[in-house]
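Examination of the molecular architecture
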Amino acid sequence: MTVSETTEASTGEALRPHAEDAFADELKALAAADDRPRPERWRLSPWAVALYLLGGTLPDGTVITPKYVGPRRLVEVAVTTLATDRALLLLGVPGTAKTWVSEHLAAAVSGDSTLLVQGTAGTPEEAVRYGWNYAQLLAHGPSREALVPSPLMRAMSQGMTARIEELTRIPADVQDSLITILSEKTLPLPELGQEVQAVRGFNVIATANDRDRGVNELSSALRRRFNTVVLPLPATPEAEVDIVSRRVDQVGRSLDLPPAPDGLAEIRRVVTVFRELRDGVTTDSRTKLKSPSGTLSTAEAISVVTNGLALAAHFGDGVLRPGDVAAGILGAVVRDPAADRVIWQEYLETVVRERDGWKDFYRACREASA
């Protein structure tokens, strides 16, 4: 088997294909129908990139599925930012699809979402700038052949979009190495007396969790290099149910899970529980609630329902029922065993127990909590 054949096989068997692979047909159809001006080295025009994220129907009848359900203007601002010389910072609480939007933006703009730096407390400067092949370095000294480019360096030289995940988790001194890249569009190579200059088309998308403030706060100098777009939580229960339903269907198909009949009812229930505890008030605004320590994000709701779907498929009759999601909800809500368990029990007894049509869910949650 050749290298290309191995790559094709591994792509077809990937548990989670990259966006440019999973939605290759949509991107191809958009490119064929897109007759608007494209910034240099962009695969699509800004209009087509926004359509790819928000969804719609092309003149030939091709349906573009929504990748992001939220305010159109936010997507338009994000896409427009990438067409300028300003980097883009996607900010929001956990579970607001920052990584998802970042990946799809890079896929639509550059056709490659893999030029990624994952931010952690241990991210070294080499991950942002460059490293060295030490065998080559010891044998021949500093040279371009011995240099190992970072994803950002590769994006600069190829005019592509680089991604930085969890920017505020990266140590402050490593963050500062971005300033010259973002402001001067150049990366000095002092060991070689050279530099790498970014070619047209290069830009950076970073994501940050606004609950991480104080971890490694961005300096004012670095923050000025970004246009910030804040991704909100879904505005309505209907929007959140739609998001969870779409993602659960996508994840379920990738895991070969059978679709669950009448699963929408349990999805609505999970979303209702998460929104009420997250907002600190019931949907009818009559009862105030204490909020647990966890985020109870849309992403966690997707995880709870997907796990419930797997339980129903492998250990039940294939129908998604309250007992399939109860344990997952308990795990998402009770992060602090002491404080959160009290909050959960109070919610069960004062809200869930008295709600019409929720008796089976109440019993399943009581059993899971026992």
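Scope of this entry: the structure provided in the associated data block. (Residues numbered from 1 in each chain as written. Predicted model: local features only at pLDDT ≥ 70, side-chain atom pairs only at ≥ 80, totals over all residues. Heavy atoms only, no water.)

At a minimum axis separation of 11 Å, helix H16 (residues 339–352) and helix H17 (residues 359–369) run at an interaxial angle of 160°. On the basis of the axis angle, H16 is roughly antiparallel to H17. The way H16 lies across H17 gives a crossing that is left-handed. Contact residues: H16 offers Arg-341, Trp-344, Gln-345, Leu-348, Glu-349 and Val-352, while H17 offers Phe-361, Tyr-362, Cys-365, Arg-366 and Ser-369. (Axes fitted to C-alpha atoms, helices over the stretch in contact; angles between N-to-C directions. Helix = DSSP H or I, 4+ residues; strand = E, 2+ residues; numbered from the N terminus. Parallel < 35°, antiparallel > 145°, perpendicular 65-115°, else oblique. Left-handed = near helix turned anticlockwise from the far one by under 90°. Contact = heavy atoms within 4.5 Å.)

Throughout the structure, instances matching the rule amount to 4 aromatic pairs. Taking the centre distance of 5.9 Å and the plane angle of 90° together, the rings of Tyr-130 and Trp-132 count as edge-to-face. Note on accessibility: Tyr-130 and Trp-132 belong to one class, buried. Judged by centre distance (5.9 Å) and plane angle (25°), the ring pair of Trp-344 and Tyr-347 falls under stacked. Here Tyr-347 and Trp-344 lie together in helix H16, a separation of 3 residues that amounts to about one turn. An identical accessibility class is assigned to Trp-344 and Tyr-347; each is buried. Above the ring of Trp-358, the side-chain terminus of Arg-269 is found at 5.1 Å from the ring centroid. (Phe/Tyr/Trp six-rings, centres within 6.5 Å; stacked < 30°, edge-to-face > 60°. Buried < 20%, exposed > 50% of the residue type's maximum accessible area, 1.4 Å probe, protein only. Lys NZ or Arg CZ within 6 Å of the ring centre and 35° of its normal.)

As a further point, take the pattern of salt bridges. Considering all chains together, one arrives at 20 salt bridges under this definition. For Glu-240, the salt bridge is made with Arg-275, and the minimal N-O distance between the two is 2.7 Å. Of this pair, Glu-240 sits in helix H12 (residues 237–254) while Arg-275 sits in helix H13 (residues 263–279), and the two are 35 residues apart along the sequence. Judged by its relative accessible area of 12%, Arg-275 is buried. Glu-266 is the salt-bridge partner of Arg-269, the closest N and O atoms lying 3.0 Å from each other. Of the two residues, Arg-269 and Glu-266 both sit in helix H13, 3 residues apart, roughly one turn of that helix. Glu-266 carries the same exposure label as Arg-269, and that label is buried. Linked by salt bridges that have partners in common, Glu-40, Arg-41 and Arg-200 make up one network. (Salt bridge = Lys/Arg side-chain N within 4 Å of Asp/Glu carboxyl O.)

Moving on to the sheet that holds strand E10 (residues 203–209). On the basis of which strands lie adjacent, the open sheet formed by 5 strands has the order E4-E7-E10-E3-E11 and parallel pairing. In this open sheet, the two strands that pair with only one neighbour each are strand E4 (116–118) and strand E11 (226–230). Direction aside, neighbouring strands of the sheet carry axes that sit 20° apart on average. Examined bridge by bridge, strand E7 (residues 161–165) and E10 share 4 bridges and lie parallel to one another. Residue pairing across strands places Ile-164 opposite Ala-206, the latter belonging to E10. Its contacts with the sheet put helix H5 (residues 72–82) on strand E3 (87–92), E10 and E11, and the angle it makes with E11 is roughly 165°. Seen against the sheet, helix H8 (residues 151–158) touches E4, E7 and E10 and runs at an angle of roughly 160° to E7. (Pairing = 2+ DSSP bridges.)

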